[in-house]
Amino acid sequence: MNITVVGTGYVGLVTGTCLAETGNNVLCIDIDENKIELMKKGQVPIYEPHLDVIFERNIKADRLKFSTKLQDGLNHGDIIFLALPTPEDEDGSADLKYILGVADEIGKRITNYKIIIDKSTVPVGTSEKVAKAIAKHTDVDFDVVSNPEFLREGFAVDDFLKPERIVIGSDSERAIEQIKKLYKPYVRSGNPIIVMDKKSAELTKYAANAFLATKITFMNEIANFCELVGADVDKVRIGMGTDSRIGKRFLFPGIGYGGSCFPKDVKALHKSGRDSNYDFKILDAVIEVNQKQKLSLIPKVEAHFDNKLENKNIAIWGLAFKPETDDIREAPSLEIINALLKQNCLISAFDPEAMPNVKRKLGDKISFANSMYEAVKDADALIICTEWSIFRNPDFKKLKSLMSSSVIFDGRNLYDIAEMEKENFKYISVGR
Ligand SMILES: NC(=O)C1=CN([C@@H]2O[C@H](COP(=O)(O)OP(=O)(O)OC[C@H]3O[C@@H](n4cnc5c(N)ncnc54)[C@H](O)[C@@H]3O)[C@@H](O)[C@H]2O)C=CC1
Ligand SMILES: O=C(O)[C@H]1O[C@H](OP(=O)(O)OP(=O)(O)OC[C@H]2O[C@@H](n3ccc(=O)[nH]c3=O)[C@H](O)[C@@H]2O)[C@H](O)[C@@H](O)[C@@H]1O
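The name given to the protein in an unreviewed UniProt entry is UDP-glucose 6-dehydrogenase, and the organism recorded there is Winogradskyella litorisediminis. Check the Catalytic activity (unreviewed entry) section of the UniProt entry for the protein; it says "UDP-alpha-D-glucose + 2 NAD(+) + H2O = UDP-alpha-D-glucuronate + 2 NADH + 3 H(+)". Under the UniProt heading Sequence similarities (unreviewed entry), the note attached to the protein is "Belongs to the UDP-glucose/GDP-mannose dehydrogenase family."

Structure representation (structure tokens):
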């Protein structure tokens, strides 16, 4: 099939590349000229494991192309995916200006039947708004379909190629048939393509993200309580998670959820509730607890240094909001760094992929190390913000010899408490 993907970020580029992988001819459109230039040269502009390999393969096979012009996209695709940003607006709602702006342009340019698929995360009723924005300009027939994306950064390629489920929101038999055909190669294992009305599809996405964010937040509260009563949250987690009704996944406490989606999606669902006179009390709590959790290591650091943080050398391991990505949107590391800078700490950070993005944001306010060991040289304390595999099993003897004081604040509970005692480290983690 001829497919156009508008927006080539984490979702759009993965969608386009993975659709090319099953033989479709894909044209990716983005307004960011630098990004398109890079991709035309064969370079992937984001870090996402395994994406480079299939990206290169499909470019070589001439199935994956790029343009900055939406008109090219309309000439090319029978199916047009919208994978555009829906950032948080000032009042917490999802800002639809990118989606509706492109819908308007599509309306002005469309000349024959197209299926327009919304892959962005959007509030209930957005498909209708998209349809209206297009229909305002034209009598040409088209269908707007909601097809929320559930991929995780760091596993995006795998999640797209082997999705647990595909949700399609549409009442058009013609569109549903085409989309089922498009996705058939990805669900050969028997995972379902679930068809429903557009509003329910749109809400499914928010409900899933808000539920996962709530699950994490619940565990963070249990962790905080563990600290007060002397229980070990890791034992509680395993004890709970083995109940199949609860499940083992997404029970890891830490320094709060970040990323480009959970924070904004929880707020957007909360705001949608308010717009319909519904008060999502549970989401109020999730938002508040998560914000506090992101800074929950700071009082522990302050207590260790008797509130005298001035000129302390602090090493940070991990800047990305989670491992296996270079994405730093809403990363807890940034909040922690800000809080430490306010108290005049000197920070040396290391992250395997996210340092260029942080450098763009913070410039020379902190220093960036070439390795995890270089970051801890002369450090008065080490703070772990992201659980990259490389941090899981460090050479503690080397660490000790490099640091000026053997103190670790671990926001991701990477190490055994007993082992750290044996290694003679002061070790402060979350909920243990
Ligand atoms: N990042 C993720 O893991 C997931 C994101 N989503 C949702 O997917 C949507 C996209 O998210 P990301 O890919 O992370 O965003 P992103 O910010 O990484 O990428 C969006 C891209 O759209 C481009 N763009 C903006 N305006 C444009 C226009 N008028 N025409 C063409 N391109 C334009 C930008 O230049 C950028 O390259 C959001 O609604 C998000 O909530 C859903 C599931 C997973
Ligand atoms: O809509 C989206 O953008 C995506 O949001 C999340 O994916 P992602 O943000 O890439 O990453 P997750 O692995 O879900 O982690 C999100 C945050 O929760 C934190 N987390 C996750 C799991 C856990 O047990 N504990 C925990 O603190 C992570 O550190 C991270 O900051 C969802 O998992 C995807 O299904 C969804 O498509």
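The discussion continues.
Enquirer: So what about the site of ligand 2? Which residues, and what values?
Expert: Near ligand 2 lie 18 residues; those nearest to it are Phe 150, Leu 151, Glu 153, Lys 205 and Cys 261. One of the backbone nitrogen or oxygen atoms of Phe 150 is found 2.8 Å away from an oxygen atom of ligand 2. Alone, ligand 2 offers 700 Å² of accessible surface; in the complex the protein occludes 90% of this. When residues in the shell around ligand 2 are grouped by element, the largest group, 3 residues, is from helix 9 (residues 198-229).

Enquirer: So what's going on with the UniProt feature "domain: UDP-glucose/GDP-mannose dehydrogenase C-terminal" (unreviewed entry) in the protein? Residues and values would help.
Expert: Annotation from UniProt places "domain: UDP-glucose/GDP-mannose dehydrogenase C-terminal" (unreviewed entry) at residues 315-417. Structurally, residues 315-417 is divided into 30% helix and 17% strand, and its ends, taken at the C-alpha atoms, are 20 Å apart.

Enquirer: Describe the environment of Ile 314, naming the residues involved and giving the relevant values.
Expert: Within the secondary structure, Ile 314 is located in strand 9 (residues 313-317). Classification of Ile 314 by relative accessible area gives buried; the value is 1%. Here the alpha-carbon distance between Ile 314 and Ala 375, two residues 61 residues apart in the chain, equals 8.8 Å. If near-sequence neighbours (up to four positions away) are discounted, Ile 314 is found in contact with Phe 305, Leu 340, Cys 345, Leu 346, Ile 347, Ser 348, Ala 381 and Ile 383.

Enquirer: Account for the side chain of Ser 348, naming residues and giving values.
Expert: Relative to the elements of secondary structure, Ser 348 occurs in strand 10 (residues 346-350). On the basis of relative accessible area, Ser 348 is assigned to the buried category, the value being 16%. The residues contacting Ser 348, other than those within four sequence positions of it, are Ile 314, Ala 315, Ile 316, Ser 367, Ala 369, Glu 374 and Ala 375.

Enquirer: Which residues make up the domain arrangement of the protein, and what values go with them?
Expert: Once the domains are mapped, the protein shows domain 1 (2-196), domain 2 (205-294) and domain 3 (298-428). For domain 1 versus domain 2, the separation of C-alpha centres amounts to 29 Å. Taking both partners together, domain 1 and domain 2 bury about 1,100 Å²; carbon and sulfur atoms supply 54% of that area. Across the domain 1-domain 2 interface, the total number found is 2 salt bridges.

Enquirer: Can you break down a nonpolar patch on the surface residue by residue, with the values?
Expert: Judged by side-chain polarity, Phe 225, Leu 228 and Val 229 come together as a nonpolar surface patch covering roughly 350 Å² of accessible area. Its location among the elements puts Leu 228 in helix 9. With relative accessibility at 70%, the residue Leu 228 sits in the exposed group.

Enquirer: Explain the packing of helix 11 (residues 262-275) against helix 12 (residues 281-294) residue by residue, including any values.
Expert: Closest axis-to-axis distance for the helix 11/helix 12 pair is 10 Å, and the angle between their directions is 150°. In the crossing of helix 11 with helix 12, the sense of the turn from one axis to the other is left-handed. Of helix 12, the residues touching helix 11 (which contributes Val 266, Lys 267, Leu 269 and His 270) are Leu 283, Asp 284, Val 286 and Ile 287. Class assignment for the residues of the contact of helix 11 with helix 12 results in 5 nonpolar, 1 polar and 2 charged.

What counts and how
Each chain carries its own residue numbering, running from 1 in the written order of its sequence. Chains and ligands are labelled sequentially in the order written, the chains with letters from A and the ligands with numbers from 1. Since the coordinates come from a predicted model, pLDDT governs what is reported: local features require at least 70, and pairs of side-chain atoms require 80 or more to be given and counted, while whole-chain, interface and lining totals use all residues. Only heavy atoms go into the side-chain values, all of them from the structure, while hydrogens and water stay out. UniProt positions are given in the numbering used here, feature names are shortened, and annotations may be inferred rather than shown by experiment. Here, proximity means that at least one heavy atom of the residue falls within 4 Å of the molecule or strand. Here a polar contact is taken to be a pair of N or O atoms separated by no more than 3.5 Å, where protein atoms must pair a possible hydrogen donor with a possible acceptor and residues adjacent in sequence count only if both atoms sit in side chains. For the accessible areas, the method is Shrake-Rupley and the probe is 1.4 Å, while residue cover comes only from the protein chains on display. Secondary structure follows DSSP: runs of H or I at least 4 residues long count as helices, runs of E at least 2 residues long count as strands, and numbering of each begins at the N terminus. Burial classification: accessible surface area is computed with a 1.4 Å probe over protein chains only, and a residue below 20% of its type maximum counts as buried, one above 50% as exposed, and the rest as partly exposed. The contact definition used throughout considers only heavy atoms, calling two residues in contact when any of these lie within 4.5 Å. The start and end points of each domain follow an automatic or database-based domain assignment. Buried area: the accessible area, evaluated with a 1.4 Å probe, that two parts lose upon being put together, summed over both parts. Salt bridges are identified by distance alone: a Lys or Arg side-chain nitrogen within 4 Å of an Asp or Glu carboxyl oxygen. Patch rule: a residue counts if its relative accessible area is over 30% and it has no salt bridge; like charges are joined within 9 Å, and nonpolar side chains (Val, Leu, Ile, Met, Phe, Trp, Tyr) within 5 Å. Lines fitted to C-alpha atoms define the axes here, with helix axes fitted over just the stretch in contact, and angles between the N-to-C directions of these axes take values from 0 to 180 degrees. Working rule for handedness: look at the near helix, and if it is turned counterclockwise from the far one by less than a right angle, call the crossing left-handed; if clockwise, right-handed. Under the scheme applied here, ten amino acids are nonpolar (Ala, Val, Leu, Ile, Met, Phe, Trp, Tyr, Cys and Pro), four are charged (Asp, Glu, Lys and Arg), and all others, including Gly, are polar.

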